[in-house]
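Chain by chain, the residues:
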Amino acid sequence: MPIPDKIAAANKINDFLRGVVTQGGLHLKYRITVDPPLPDERDWERPEILVEFAGPDSTLLLERGGELLRAVELLAIEMLRLPGNEHEKICFDCMNQRKLRLEELRMAATVAAERVRQTGSPYEFAPMSSRERRIVHLALRDQADLHTESQGEGGRRCLVVYPKDYKPAGRPMRKTIP
Amino acid sequence: MGEQSVDVRALIEQIAKALVDAPEEVSVEQIEGETTVFELTVAPDDLGKVIGRQGRVARALRALVGAAGIRAHKRFGLEIIE
């Protein structure tokens, strides 16, 4: 279901970010785009509101794997009270970090798929957010000889790639990125 | 965008009011010290909204407060009062 009133949501995000920039003292500019055009390779991630940051404090946003960027994004999503399965409709990006991370995850998915094929054993990723797990699930959705599952709870929930007809025998797991 | 306009107490209050059901019950106290601590109080029923699942919202708030501290060349902390 699309965000009911995107303009109102964008205005709310703008109010929030104005506070972050002025009261938080962060030297950032930002641009909010409703229904942004998206390149083809992002066909499975279609944000309805895109926020792009620039400015001297971009590096602060991107430190530790974009911790602050994701924090600001989460606060905006919570303010808009979007249900969990609609979080991807809001996307905060800075210096193309999102695109680079998507490419990194897709590459990791390809490497994991090859390893599972070669070894016949499952491949376990390190814990990731639900958004990032979804990207890996979707990157491997057309691989008929594999299947993917999320396992574990909370902050330890991670994605595992299995050979399609895998019969468990112990836990010969490997960890990789992130 | 100068440091003189930094008002982290107001920022926390603005965000908390947008997150909760009872914004009139949001208050933020600023306690000065080696680390400036901001104590956020919300209505008991709203605690979950400022803490979030597995503490994600609280962690995000702390990340933002910490970043504002870096810019203000001070140490800022956030406590959510239960």
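Computed from a predicted structure; not experimentally measured. (Residues numbered from 1 in each chain as written. Chains lettered and ligands numbered in written order. Predicted model: local features only at pLDDT ≥ 70, side-chain atom pairs only at ≥ 80, totals over all residues. Heavy atoms only, no water.)

(A) How the structure looks around helix α3 (residues 97–119) of chain A. All names here are of chain A. Between its first and last C-alpha atoms α3 spans 32 Å; for 23 residues at 1.5 Å apiece the expected length is 33 Å, and the two agree. Within the sequence span of α3, burial applies to Gln-97, Arg-98, Arg-101, Leu-102, Leu-105, Ala-108, Ala-109, Ala-112, Ala-113 and Val-116. Contacts made by the buried residues of α3 are with α2 (58–80), β3 (90–94), β4 (123–124), α4 (130–139), β5 (146–151) and β6 (158–163). Phi for Gly-120, located one or two positions after α3, is positive at around 70°. (Helix = DSSP H or I, 4+ residues; strand = E, 2+ residues; numbered from the N terminus. Expected span 1.5 Å × (residues − 1). Buried < 20%, exposed > 50% of the residue type's maximum accessible area, 1.4 Å probe, protein only. Contact = heavy atoms within 4.5 Å.)

(B) Representation of the pattern of salt bridges. Taken as a whole, this structure holds 18 salt bridges over all chains when the rule is applied. Among the ionic pairs, Glu-132 of chain A bridges to Arg-101 of chain A, the shortest N-O distance being 2.8 Å. Of the two residues, Glu-132 of chain A is situated in helix α4 and Arg-101 of chain A in helix α3; the sequence distance between them amounts to 31 residues. Residue Arg-101 of chain A is classed as buried on the basis of its relative accessible area of 14%. The salt bridge partner of Asp-46 of chain B is Lys-49 of chain B, with a shortest N-O separation of 4.0 Å. Under the relative-accessibility criterion, Asp-46 of chain B is labelled buried at 2%. Its relative accessible area of 28% is what places Lys-49 of chain B among the partly exposed residues. One network of salt bridges, with partners in common, ties together Arg-81 of chain A together with Asp-21, Asp-46 and Lys-49 of chain B. (Salt bridge = Lys/Arg side-chain N within 4 Å of Asp/Glu carboxyl O.)

(C) Examining the domain arrangement of chain A more closely. On domain assignment, one finds that chain A holds domain 1 (6–95) and domain 2 (102–163). Centre-to-centre separation of domain 1 of chain A and domain 2 of chain A, based on C-alpha positions: 26 Å. (Domains from an automatic or database assignment.)

(D) Expanded view of the sheet that holds strand β1 (residues 27–31) of chain B. All names here are of chain B. Read across the sheet, 3 strands follow the order β1-β2-β3 without closing on themselves; strand pairing throughout is mixed. Looking along the sheet, the strands with just one partner apiece sit at the ends: β1 and β3 (75–81). Neighbour to neighbour, the strand axes of the sheet diverge by 20° on average, direction disregarded. Pairing between β1 and strand β2 (residues 35–41): 5 bridges, direction antiparallel. What sits directly across from Ile-31, in β2, is Val-37. Each of β1, β2 and β3 is contacted by helix α1 (residues 8–19), which is oriented at about 25° to β2, the strand it contacts most. Set on the sheet, helix α3 (residues 56–72) makes contact with β2 and β3; between it and β3 the angle comes to about 155°. (Pairing = 2+ DSSP bridges. Axes fitted to C-alpha atoms, helices over the stretch in contact; angles between N-to-C directions.)

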